[in-house]
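Structure at a glance
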Amino acid sequence: KNNYIMSMFLNDDKLSVVYCDITTGELNLCHLDGGLESNFADLLNRVMPSQVIGNAKAKIFYNDLPILRFGVYPRFEEYFDYAYDTAKATANIEKQFGENAVNVFELKANKLDIPAIGGLLEYLQETQKRSLKNISKITKVKNNQFMVIDMNTRRNLELVESIRERKKYGSLFWVLDMTKTSLGGRKFRSMFDQPLQSATQINERLDAVEELSKNLILRDRLSESLSNIKDIERISGKIAYGNILPKDLIMLKTSLAQLPEIRDLIANTKAKKLVSTAENLVDFGEIVSLLENAIIENPPALIKEGGYIKEGFNEELDQLRHARQIAKLECEKLEEFEREQTGIKNLKIHSNSVFGYYIEVTKSQIDLVPFRYQRKQTTTNGERYITEELKNIEDKILNAEDRKIELEQKLFEEIRNILLTNISPLQQTARQIANLDALLSLAIVANENNYIKPEIN
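Described in the following lines is the structure provided in the data block. (Residues numbered from 1 in each chain as written. Predicted model: local features only at pLDDT ≥ 70, side-chain atom pairs only at ≥ 80, totals over all residues. Heavy atoms only, no water.)

**Side note on the sheet that holds strand β4 (residues 51-54)**
The strand order β5-β4-β1-β2-β3-β6 describes an open sheet built from six strands, whose pairing is mixed. Two strands lie at the open edges of the sheet, namely β5 (76-78) and β6 (139-140), each paired on one side alone. When strand β3 (residues 26-33) meets β6, the two strands line up parallel, connected through two bridges. Each residue of the ladder has a partner; that of Asn28, found in β6, is Thr139. (Pairing = 2+ DSSP bridges. Helix = DSSP H or I, 4+ residues; strand = E, 2+ residues; numbered from the N terminus.)

**A closer look at a negative patch on the surface**
Residues Asp220, Glu224, Glu261 and Asp264 make up a contiguous surface patch of negative charge. Secondary structure elements with two or more residues in the negative patch: α10 (216-226) and α13 (259-266). For Glu261, the position within the fold is in helix α13. (Patch = residues over 30% accessible without salt bridge, like charges linked within 9 Å, V, L, I, M, F, W, Y side chains within 5 Å. Areas by Shrake-Rupley, 256 points an atom, 1.4 Å probe, with all protein chains shown as cover. Salt bridge = Lys/Arg side-chain N within 4 Å of Asp/Glu carboxyl O. Lys, Arg positive; Asp, Glu negative; His and termini not counted. Charge placed at Lys NZ, Arg CZ, Asp CG, Glu CD.)

**Quick word on the nonpolar core**
The biggest cluster of nonpolar side chains holds 54 residues, and the ones touching the most others in it are Leu222, Ile239, Leu252, Leu256 and Ile415. Among the elements that line this core, the one with the most residues is helix α19 (residues 423-449), at 10 residues. If sequence neighbours within four positions are ignored, Leu222 has contacts with Leu212, Ile262, Leu265, Ile266, Leu436 and Leu440. One finds Ile5, Ala83, Ala89 and Ile138 within the second-largest nonpolar core, a separate group that totals 30 residues. (Core = buried A, V, L, I, M, F, W, Y, C linked by side-chain atoms within 4.5 Å. Buried < 20%, exposed > 50% of the residue type's maximum accessible area, 1.4 Å probe, protein only. Contact = heavy atoms within 4.5 Å.)

**Thoughts on the packing of helix α14 (residues 272-280) against α19**
Helix-helix packing is described using two parameters, namely the angle between the two axes and the distance between the axes. Where α14 meets α19, the closest approach of the two axes is 9 Å, and the angle between their N-to-C directions is 150 degrees. Regarding the angle of α14 to α19, the classification is roughly antiparallel. Both α14 and α19 take part in a crossing whose hand is left-handed. Of the residues in α19, those in contact with Lys273, Leu274, Ser276, Thr277 and Asn280 of α14 are Gln428, Thr429, Gln432, Leu436 and Leu439. (Axes fitted to C-alpha atoms, helices over the stretch in contact; angles between N-to-C directions. Parallel < 35°, antiparallel > 145°, perpendicular 65-115°, else oblique. Left-handed = near helix turned anticlockwise from the far one by under 90°.)

**A look at a nonpolar patch on the surface**
Together, Tyr169, Leu172, Trp174, Val175 and Tyr451 line one region of the surface with nonpolar side chains, adding up to about 510 Å² of accessible area. Looking at where Trp174 falls in the secondary structure, it is placed in helix α7 (residues 172-176).

**Looking at the packing of helix α8 (residues 182-193) against α19**
Two elements in contact, α8 and α19, have axes whose closest approach is 8 Å; the angle formed by their N-to-C orientations is 65 degrees. Relative to α19, α8 is oriented roughly perpendicular. As α8 packs across α19, the resulting crossing turns out to be right-handed. Packed against α8, whose contacting residues are Leu183, Gly184, Lys187, Phe188 and Met191, the element α19 presents Ala430, Ile433, Ala434, Asn435, Asp437, Ala438, Ser441 and Leu442 at the interface. Partitioned by chemical class, the residues of the contact of α8 with α19 number eight nonpolar, three polar and two charged. (Nonpolar A, V, L, I, M, F, W, Y, C, P; charged D, E, K, R; others polar.)

**Points about the sheet that holds strand β8 (residues 356-362)**
Strand order in the open sheet made by the four strands is β7-β8-β10-β9, with antiparallel pairing throughout. Of all the strands in the sheet, just β7 (348-352) and β9 (374-378) have a single pairing partner and so form its edges. Strand-to-strand twist of the sheet, defined as the mean angle between neighbouring strand axes without regard to direction, takes the value 40 degrees. Running at roughly 145 degrees to β7, helix α17 (residues 323-342) makes contact with β7 and β8 of the sheet.

**A short note on the packing of aromatic side chains**
Each aromatic ring pair is summarised here by two numbers: the centre-to-centre distance and the angle between the ring planes. Taken as a whole, this structure holds 16 aromatic pairs when the rule is applied. Between the aromatic rings of Tyr79 and Tyr84, the centroid separation amounts to 6.5 Å while the plane-to-plane angle is 85 degrees, which identifies the pairing as edge-to-face. With relative accessibility at 7%, the residue Tyr79 sits in the buried group. On the accessibility criterion, Tyr84 (5% relative accessible area) is buried. A centroid spacing of 5.2 Å and a plane angle of 85 degrees characterise the contact between Phe188 and Phe192, whose relative ring orientation is edge-to-face. Pair noted here: Phe188 and Phe192 are both in helix α8, with a separation of four residues, about one helical turn. Both residues of the pair, Phe188 and Phe192, count as buried. Taken together, the aromatic side chains of Phe9, Tyr79, Phe80, Tyr82, Tyr84 and Tyr123 make up a single cluster linked through ring pairs. Over the aromatic face of Phe173 sits the side chain of Lys168, whose NZ or CZ is 4.7 Å from the ring centroid. (Phe/Tyr/Trp six-rings, centres within 6.5 Å; stacked < 30°, edge-to-face > 60°. Lys NZ or Arg CZ within 6 Å of the ring centre and 35° of its normal.)

Put into structure tokens, the structure is as follows:
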């Protein structure tokens, strides 16, 4: 399910509420005017945030709510007044969404909306200390677009968890959830938490489920493709935060590679929701090619260790990787040269992790060692030396190792910057896949259990 933080701003018996999942970039705004207690209680039950912050008046209102006796809601955290100042809040909104954001998202209609949003952004900037680029839009939610279900009713109907064990197993959600993806599972859960009240929207959903339920081949092929899609929403969040790992990029590549087939599968469908999904799936062919050429299939866990950029992606990196092999050949040539110059026939060049590179001479041949040799270590059987030529080879290898890791990190950062410019299309595609997965789940269960399409008037 989504992990929401909620921000409340209460003033003059009016309330604006913002709730955001920073891992997916979803940010919703709801303005309540009249019937605050019942309307907010319904919103709280639908969203079930993990954390609630707000101004001092909102704290008094929140703590007086009768539903808090259930003990399932988070404690209220009062946040600084300055964060909810209109000028400060406006500056935060413009910084996050652009200079014209107040007009674009029509935030002047309710004067409490700007402080509620700006206060949350201030809190996130203070606590996260990193980019919030994946939070790119504000979605306005009307409280009356969803059915009001109080906490007792939710529990007794066992919509998303059983009464006794408070687990998914045994709930209605458990019966109907056949989603193939994490993002589809979150969307499906939100459909239970927020049942629609619009007959038009309900029928559009039912039409899509009906078309999928009547087409076995389409269902099976969609199920197969969706099973290969990872959590694009949360991967997008990692790209924005700068904590993306090579293995995440492999998952992203695998996921995006499924999109052309999914689009082709639903291209000829008739239901409005399926047609809309096909039209809104973005082509990420160039991104897939980039990741295919750049990242090895089973990369190491950590970036700092290197070894995740493919051979052939960058010529300089390939040369640095071959530095050790080149050095080995140089050592062999130097070894042959030194034998001829000194007359020490059993002279050998070795290396280890402690002493680096050295020329090894046995005790019986020490008299032949020239003055240009610098003693490095004495052993039981002889002496170890270093020369300027050998030191140059050693430095070349050590520098190549450091430079190799630096270059890999630089290349990885360049790839991340390319992906950063695609955050919005990635999120759009993730929403389409989540909707499709949820609809497919309903179609699969309807077919297996012989469910009948209801008529909604």
